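Reading the structure
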Amino acid sequence: MRLIYLTALLLAMLFNSGAKAQFYSEGTYQRAGIFDRMYQPRKTVISGDTVHYRSRWFFPKHAKIQYAGSVGFLSVGVGYHLWDIYEPTFSYGLLNEFLGGSNVTVHTFSLKNSFFLTQRPWFNHFWPKAGLMINRGNTNNTFRKLPPHYPESYYFQNKIHAAPFWGGEWYQPLKDKHLTGWGFYFEFSALDAYLLEAIRTEYVTMLDVWSLAFGITFYFH
């Protein structure tokens, strides 16, 4: 319940802001020279034909730093913006004694498939989002196939998980040579194993399985 109250308070704060913004604005500052060179169209000749291309297609569109959620105690990632509605983000998360107080070190690699739920932001800044994460955890007690000393179907495999999530991000444009803006976001996510337990047992409810995360996104030119 505390998580729900905290989320409601955050949304109320966002609703009171009347500022205007345009998501993924190109900014008002000229790009730094290194970025201009990366954006500059190149050309090559293939079988007598001149082909123009941009060498910077692989450069990430954004970077994220996230606290909690389903990707370790702290995670970092980079991603892209495709087809105006889809944001894939590749992340690495860590949980250990120093980060999270765990006696087991867990390395998590995640592909977050995030989709915009509206064509325009709410209140000119707030973008509701939802999607699905695919997480792979590595530690000394994770397994993809059930070890032979366990009865069949005794445990749910715990190395690869699907985790649906929903939340939103408050975006603020910046006047900067390198960044077009930054955003503060929150997300509720749940691992597939937890959702399965909530569905098939009476001891775990749907309110018990959701994990709250907070993060910051930096958007690049």
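Residues numbered from 1 in each chain as written. Predicted model: local features only at pLDDT ≥ 70, side-chain atom pairs only at ≥ 80, totals over all residues. Heavy atoms only, no water.

Considering the overall build of the chain
- Tallying secondary structure elements over the chain gives three helices and ten strands in all.
- Mapped from its N terminus to its C terminus, the chain presents α and β elements in the order α-α-β-β-β-β-β-β-β-β-β-α-β.
- The contacts of the chain with a sequence gap of at least 6 include a subset with a gap of at least 24, amounting to 57%.
- Surface exposure of the chain reaches about 13,800 Å², of which carbon and sulfur atoms provide 62%. (Helix = DSSP H or I, 4+ residues; strand = E, 2+ residues; numbered from the N terminus. Contact = heavy atoms within 4.5 Å. Areas by Shrake-Rupley, 256 points an atom, 1.4 Å probe, with all protein chains shown as cover.)

What about the pairing of strand 3 (residues 62-68)?
- With respect to burial, strand 3 is a largely interior element, five of its seven residues being buried.
- In this sheet, strand 4 (residues 74-79) lies alongside strand 3 in antiparallel orientation, the contact comprising six bridges. Of the residues in strand 4, the one forming a bridge with Ile 65 is Val 76.
- Between the antiparallel neighbours strand 3 and strand 4 lie five residues, among them Gly 69 with a positive phi of about 85°. (Buried < 20%, exposed > 50% of the residue type's maximum accessible area, 1.4 Å probe, protein only. Pairing = 2+ DSSP bridges.)

What to know about the confidence of the model for the chain
- Per-residue pLDDT for the chain has a mean of 77; in total, 66% of the residues score no lower than 70.
- A low-confidence stretch, residues 1-22 stays under pLDDT 50, and its non-local contacts, those more than four residues away or across chains, total 26 contacts.
- This model gives residues 25-32 a pLDDT under 50, and the stretch forms 21 contacts once residues within four places in sequence are excluded. (pLDDT = per-residue confidence, 0-100.)

Observations concerning the environment of Ile 216
- Along the polypeptide, Ile 216 turns up in strand 10 (residues 211-220).
- Taking relative accessible area as the criterion, Ile 216 reaches 34% and is therefore assigned partly exposed.
- Put simply, Ile 216 and Glu 169 are 47 residues apart on the chain and 8.9 Å apart in space, counted from C-alpha to C-alpha.
- Setting aside residues no more than four positions away along its own chain, Ile 216 makes contact with Ala 63, Lys 64, Ile 65, Trp 182, Gly 183, Phe 184 and Tyr 185.

Notes on the pattern of salt bridges
- Evaluated as defined, the whole model comprises four salt bridges.
- A salt bridge links Glu 169 to Lys 129; the shortest N-O distance between them is 3.4 Å. Of this pair, Glu 169 sits in strand 8 (residues 160-173) while Lys 129 sits in strand 7 (residues 126-138), and the two are 40 residues apart along the sequence.
- Lys 129 gets classed as buried once you look at its relative accessible area, which sits at 7%.
- One salt-bridge network, in which partners are shared between bridges, spans Glu 87, Lys 129 and Glu 169. (Salt bridge = Lys/Arg side-chain N within 4 Å of Asp/Glu carboxyl O.)

As for unusual backbone geometry
- With phi around 65°, Ala 68 is a residue other than glycine that occupies positive phi space.
- One can find Ala 68 in strand 3.
- Within the chain, Phe 123 stands out as a residue other than glycine whose phi angle is a positive 55°.
- Positionally, Phe 123 belongs in the loop between strand 6 (106-116) and strand 7.

Topic: the sheet that holds strand 9 (residues 179-189)
- Taken in spatial order, the eight strands line up as 3-4-5-6-7-8-9-10 and close into a barrel, and their pairing is antiparallel. For this sheet the average axis-to-axis angle between neighbouring strands, irrespective of direction, equals 25°.
- Taken together, the six bridges between strand 4 and strand 5 (residues 86-95) define a ladder with antiparallel strand orientation. Within strand 5, the position partnered with Ser 75 by the bridge is Gly 93. (Axes fitted to C-alpha atoms, helices over the stretch in contact; angles between N-to-C directions.)

Here's the deal with the packing of aromatic side chains
- All told, the structure shown has twelve aromatic pairs when counted by the stated rule.
- For the ring pair Tyr 67 and Phe 73, a centre distance of 5.2 Å and an interplane angle of 90° mean the geometry is edge-to-face.
- With a centroid separation of 5.0 Å and an interplanar angle of 20°, the aromatic rings of Tyr 86 and Phe 115 are classed as stacked. Residue Tyr 86 is found in strand 5, and its partner Phe 115 is found in strand 6; the two are separated by 29 residues along the sequence.
- Residue classification places Phe 115 among the partly exposed residues on the basis of a relative accessible area of 36%.
- Lys 112 extends its terminal NZ or CZ atom over the ring of Phe 165, reaching a point 5.6 Å from the ring centre. (Phe/Tyr/Trp six-rings, centres within 6.5 Å; stacked < 30°, edge-to-face > 60°. Lys NZ or Arg CZ within 6 Å of the ring centre and 35° of its normal.)

Overview of the pairing of strand 5
- Across the ten residues that make up strand 5, a large majority, seven, are buried.
- Of the pairings in the sheet, the one linking strand 5 to strand 6 comprises ten bridges and is antiparallel in character. Of the residues in strand 6, the one forming a bridge with Tyr 86 is Phe 115.

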